[in-house]
Amino acid sequence: MRGMHPITLDRAWPLHGGAATRRLEAQAIAAAGPHVLMRRAGLAAARLALALAPHARQVWIACGPGNNGGDGLEAAMHLQHWGRQPCVRWFGDEHRLAPDAAASLARARAAGVPFTDAMPELQPQDLAIDALLGLGSARPATGDLAACIAALNASAAPVLAIDLPTGLAADTGQANGPAVQAQHTLSLLTLKPGLFTGVGRDLAGQVWFDALQQCATAQADATLAGPPPTRTRAHASHKGSYGDVAVLGGAPGMRGAAVLAGSAALHAGAGRVYVAALDSGPDLTTDAPELMWRAPAELALARLTVACGCGGGPQIAAWLPQVLAEAAQLVLDADALNALAADEGLQDRLRQRRQPTVLTPHPLEAARLLGSSTAAVQADRLAAAQTLAERFGAVVVLKGSGTVVAAPGQAPAINPTGNARLATAGTGDVLAGFVASHLAAGSSASEAARHAVYQHGALADAWPAGQALTASALARAAN
Ligand SMILES: NC(=O)C1=CN([C@@H]2O[C@H](COP(=O)(O)OP(=O)(O)OC[C@H]3O[C@@H](n4cnc5c(N)ncnc54)[C@H](O)[C@@H]3O)[C@@H](O)[C@H]2O)[C@@H](O)CC1
Ligand SMILES: [K+]
């Protein structure tokens, strides 16, 4: 793909981490010659700066000691040529500069770009450019560099980050120290996974991509998932064509969770939905009379797609051996995952299962399954999800900002949809219902997980601003 593009949600995008990007960079430099990529990078950044802030009186460019700073110096030179007022804060050491960055410093000086240590007074129509650190960010920023990051974050003008917001790790989407909060990020040569998961989405803002006239030949480390294909229903179909889902959960006091999963499966298109509550009380009156209530023992597990664990409480553990052995297709959520984490025998049974299975942990549930901590899971979400998928031979949906879907032997996918409005009780039950519905309709476990997660987030993204997003309304919004 040539030129610069905003990252849109209408297609999938390959993602490459730091090591793969460095390899591609070395190949590209060998083919194109020294400094060519940096010139392209700086030109792309300057063009985007003009497009984002056409009425800017000043453009403040904070340039670091490496090649990311070189990109910023190139951009400054172009903006100066085009009659703008760039102003550079530069952190480099002239005696220790890489050749490309040294060449760009010479070009910026020759163009008459002003350098100053003071930050100009920026107005909202102006622009600040973060060219402090990119792929080479190696440790938490301190001292003047940290102060510069704080100044960028406090700027009245929007911030455009070059390649990565300074401080954001390209591979993991984590920041282990001060980090730039950008409104726009121009990712160069490759798109990095860290822009789309962990704190990446919050720090990067709108992501743009310029491949610098290279085509990424390396296998992608991950994918930014695209939308599910639209399914059309054949006229000659009946409720049996879309599969039967059973929700097993709803321990005493938690029936609502099972109803939410059931309602979500129903509205997402399942042909028939059974709810088997672990609470022996009367059936819960719901606004979904289509849900069919059954006792757990009545379920014909071997021909059902089972969503297991939604509000299951400790009672769900007793059902897991049978469910793991028999369910035709299985989604394990919430209390089912906690029961699994606490019992190695159940984990063995999960490993032995041959039927399609999807686990939908949030970071704490994933940590329990891995025997680690939430912080360790969040420190590398892609690796945590992939480890779980390989360990249990199942598809894993690691929830959170930039939900990761991992499957054994495949590169993981990061979901691009969704927002903080999903952080409300019951939305996880709804997601389990969506996954079950896609499985029941015939999707593979990995497709079902990707599509359900995309759909779940897209519904939240399209939610009317003044209207409360509740889990039951989210379930009903699927179609
Ligand atoms: N080499 C090339 O031809 C190209 C490089 N590109 C740019 O180059 C970037 C990578 O360049 P580099 O490898 O030089 O890496 P960076 O420019 O991200 O930074 C590396 C430098 O920063 C220092 N550093 C790291 N963390 C620090 C901290 N916390 N405090 C103070 N100093 C710190 C390192 O010691 C090193 O000197 C990419 O992100 C991209 O922006 C692009 O222009 C594409 C072409
Ligand atoms: K940067």
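Worth saying up front: this structure is predicted, and the values here are computed from it rather than measured.

### So, the domain arrangement of the protein chain
Segmentation of the protein chain into domains returns domain 1 (4-217) and domain 2 (239-477). Centre-to-centre, using C-alpha coordinates, domain 1 lies 40 Å away from domain 2. Opposite the 10 residues of domain 1 that make contact, domain 2 presents 14 residues. Interface area, domain 1 with domain 2, both sides summed: about 970 Å², of which 50% is carbon and sulfur. Together, L9, T197 and R201 form the three largest contributors to the area buried by domain 1 at its contact with domain 2, with a combined 54%. Our enumeration of links across domain 1 and domain 2 arrives at zero salt bridges. Linking domain 1 with domain 2 are nine residue pairs in polar contact (both at pLDDT 80 or more). Grouping the constituent residues of the side of domain 1 that touches domain 2 by class yields four nonpolar, four polar and two charged.

### Observations concerning the site of ligand 1
Taken together, 24 residues form the shell around ligand 1, and within it N68, D71, G134, R139 and D163 come nearest. Contacts to ligand 1 include L135, whose backbone N or O atom sits 2.9 Å from an oxygen atom. Of all the secondary-structure elements, those providing two or more residues to the shell around ligand 1 are α1 (18-32), α2 (36-52) and α3 (67-81). For the shell around ligand 1, the class distribution of residues is 12 nonpolar, six polar and six charged.

### A look at the packing of aromatic side chains
All told, the structure shown has zero aromatic pairs when counted by the stated rule. Over the aromatic face of W13 sits the side chain of R11, whose NZ or CZ is 3.7 Å from the ring centroid.

### Focus on the packing of α2 against α3
For the pair α2 and α3, interaxial distance at closest approach is 7 Å and the crossing angle is 55 degrees. Here α3 runs oblique to α2, going by the angle between their axes. The way α2 lies across α3 gives a crossing that is right-handed. Listed contacts from α3 to M38, R39, A41, G42, L43, A45, A46, A49 and L50 of α2 are N67, G70, D71, E74, A75, H78 and L79. Grouping the constituent residues of the contact of α2 with α3 by class yields nine nonpolar, four polar and three charged.

### Notes on the sheet that holds strand β15 (residues 357-359)
One open sheet accounts for 11 strands, arranged β2-β9-β18-β17-β16-β15-β14-β13-β10-β11-β12; its pairing is mixed. At either end of the open sheet lies a strand with only one pairing partner, and these are β2 (13-15) and β12 (292-294). As judged from the six bridges shared by strand β10 (residues 244-249) and strand β11 (residues 272-277), these two strands associate in the parallel manner. From the neighbouring strand, D244 faces β11, where its bridge partner is R272.

Quick notes on the rules
Residues numbered from 1 in each chain as written. Chains lettered and ligands numbered in written order. Predicted model: local features only at pLDDT ≥ 70, side-chain atom pairs only at ≥ 80, totals over all residues. Heavy atoms only, no water. Domains from an automatic or database assignment. Contact = heavy atoms within 4.5 Å. Buried area = accessible area lost by both parts, 1.4 Å probe. Salt bridge = Lys/Arg side-chain N within 4 Å of Asp/Glu carboxyl O. Polar contact = N/O pair within 3.5 Å; in protein donor to acceptor, adjacent residues only side chain to side chain. Nonpolar A, V, L, I, M, F, W, Y, C, P; charged D, E, K, R; others polar. Near = heavy atom within 4 Å. Helix = DSSP H or I, 4+ residues; strand = E, 2+ residues; numbered from the N terminus. Phe/Tyr/Trp six-rings, centres within 6.5 Å; stacked < 30°, edge-to-face > 60°. Lys NZ or Arg CZ within 6 Å of the ring centre and 35° of its normal. Axes fitted to C-alpha atoms, helices over the stretch in contact; angles between N-to-C directions. Parallel < 35°, antiparallel > 145°, perpendicular 65-115°, else oblique. Left-handed = near helix turned anticlockwise from the far one by under 90°. Pairing = 2+ DSSP bridges.

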